[in-house]
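# Coordinate analysis (summary)
Residues per chain are reported as follows:
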Amino acid sequence: MILGLSVAAFTQLHVIISLIGIAAGLVFLAAYLGGRWMNMMNLLFLVFTILTSVTGFFFHSKMIGPPHIVGAISLVDLAVALLALYGFRRAGIWRPVYTVTAVIALYLNVFVLVVQLFQKVPFLNAFAPTGSEPPFAVTQGLVLIAFAIAGYRAVRRPVGGA
């Protein structure tokens, strides 16, 4: 049991939270790249991305592993994003700081999604059963490149809001 839920139910809740955070983040990023600031979508992205990282720590584990490290990095990154957004209202240097940290947080969630897809979806798992095969590496590389390009463009196109 985790927080009064079976492990399966908690896992399902964690996955739903993660997918909401990713979807909200992608919608927000697309709007941001199009010159629009979406306050509520941004808030939804931040809240569900924080919840994703926090709920990930509730899974039982005998030792610290890659999921814990990614979760910790994400939470530190999100703390800086929150400071830039709400503490400094994205003024001056805090505008690109927020943009970069938000894109990194979204990327980390998508990175984990790709890992999970290759582990759980039989069709993808057949191409990379251990997660160290070229199809997995190429997919993660393409995801990283896509987020690097989106992040660069987002920083170059400052958008108002919050």
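This write-up is about the structure you can find in this document. Source: prediction; values computed, not measured.

How each quantity is defined
Throughout, a residue's number is its position along its own chain's written sequence, starting from 1. Local features in this predicted model are restricted to residues whose pLDDT is 70 or higher, and side-chain atom pairs enter the listing and the counts only when it is 80 or higher, whereas totals over whole chains, interfaces and linings include all residues. Excluding hydrogens and water, the side-chain values take into account all heavy atoms of the structure. The helix count covers DSSP runs of H or I at least four residues long, the strand count covers runs of E at least two residues long, and both are numbered beginning at the N terminus. Throughout, radius of gyration means the C-alpha value; the globule benchmark is 2.2 Å times the number of residues raised to the power 0.38. Any residue under 20% of the maximum accessible area for its type is buried, any over 50% is exposed, and the rest in between are partly exposed; the area is computed with a 1.4 Å probe on protein chains only. For our purposes a nonpolar core is just a set of buried Ala, Val, Leu, Ile, Met, Phe, Trp, Tyr and Cys residues, chained together by side-chain atoms within 4.5 Å. In this description, contact between two residues means that some pair of their heavy atoms is separated by no more than 4.5 Å. Side-chain rings of Phe, Tyr and Trp (the six-membered ring for Trp) are treated as a pair once their centres are within 6.5 Å; stacked means planes under 30 degrees apart, edge-to-face means over 60, and tilted covers the remaining angles. The patches described consist of residues with a relative accessible area above 30% and no salt bridge, like charges being joined within 9 Å and nonpolar side chains (Val, Leu, Ile, Met, Phe, Trp, Tyr) within 5 Å. We get accessible surface area from the Shrake-Rupley algorithm with a probe of 1.4 Å; when it comes to residues, only the shown protein chains can shield them. Any Lys or Arg side-chain nitrogen found within 4 Å of a carboxyl oxygen on Asp or Glu counts as a salt bridge.

### A short note on the overall build of the chain
- Across its full length, the chain carries 6 helices and 0 strands.
- For the chain, the N- to C-terminal ordering of α and β elements is α-α-α-α-α-α.
- Relative to the 2.2 N^0.38 estimate, which gives 15 Å for 162 residues, the radius of gyration of the chain is 16 Å and therefore close to what a compact globule would have.
- Oriented by its inertia axes, the alpha-carbon framework of the chain measures out at about 45 × 40 × 25 Å.
- Each of the 162 residues in the chain was classed as buried or not, and the buried ones make up 35%.

### Comments concerning the nonpolar core
- Counting 31 residues, the largest nonpolar core has Leu29, Trp37, Phe45, Tyr98, Val110 and Phe147 as the members making the most contacts within it.
- The element contributing the most residues to this core is helix H4 (residues 94-120), with 11 residues.
- Apart from the residues within four sequence positions on either side, Leu29 is in contact with Val103, Leu106, Phe147, Ala150 and Ala154.

### Section: the packing of aromatic side chains
- Throughout the structure, instances matching the rule amount to 11 aromatic pairs.
- Relative to Tyr98, the ring of Trp37 lies with its centre 6.0 Å away and its plane at 55 degrees, an arrangement referred to as tilted. Placement of the pair is Trp37 in the loop between helix H1 (7-33) and helix H2 (39-56) and Tyr98 in helix H4, with a sequence separation of 61 residues. Across the pair, exposure class does not vary: Trp37 and Tyr98 are buried alike.
- Between Phe123 and Phe127 the ring centres are 5.2 Å apart and the planes differ by 80 degrees, which places this aromatic pair in the edge-to-face class.
- A relative accessible area of 59% means that Phe123 is categorised as exposed.
- By relative accessible area, Phe127 is classed as partly exposed at 44%.
- Aromatic rings pair up to connect Phe28, Tyr32, Trp37 and Tyr98 into one cluster.

### Regarding a nonpolar patch on the surface
- The grouping of Met40, Leu43, Val47, Leu51 and Tyr86 at the surface amounts to a nonpolar patch, some 450 Å² of accessible area in total.
- It is H2 that contributes the most residues to the nonpolar patch, 4 residues altogether.
- Tracing the backbone through its elements, the reader meets Met40 in helix H2.

### Side note on unusual backbone geometry
- Its identity is not glycine, yet Arg89 carries a phi of approximately 50 degrees, on the positive side.
- Secondary-structure assignment places Arg89 in the loop between helix H3 (66-87) and H4.
- By relative accessible area, which is 55% here, Arg89 ends up exposed.
- With a phi angle near 55 degrees, Arg90 is a residue other than glycine that sits in the positive phi range.
- Its place among the elements puts Arg90 in the loop between H3 and H4.

Just distances and angles here, no functional claims.
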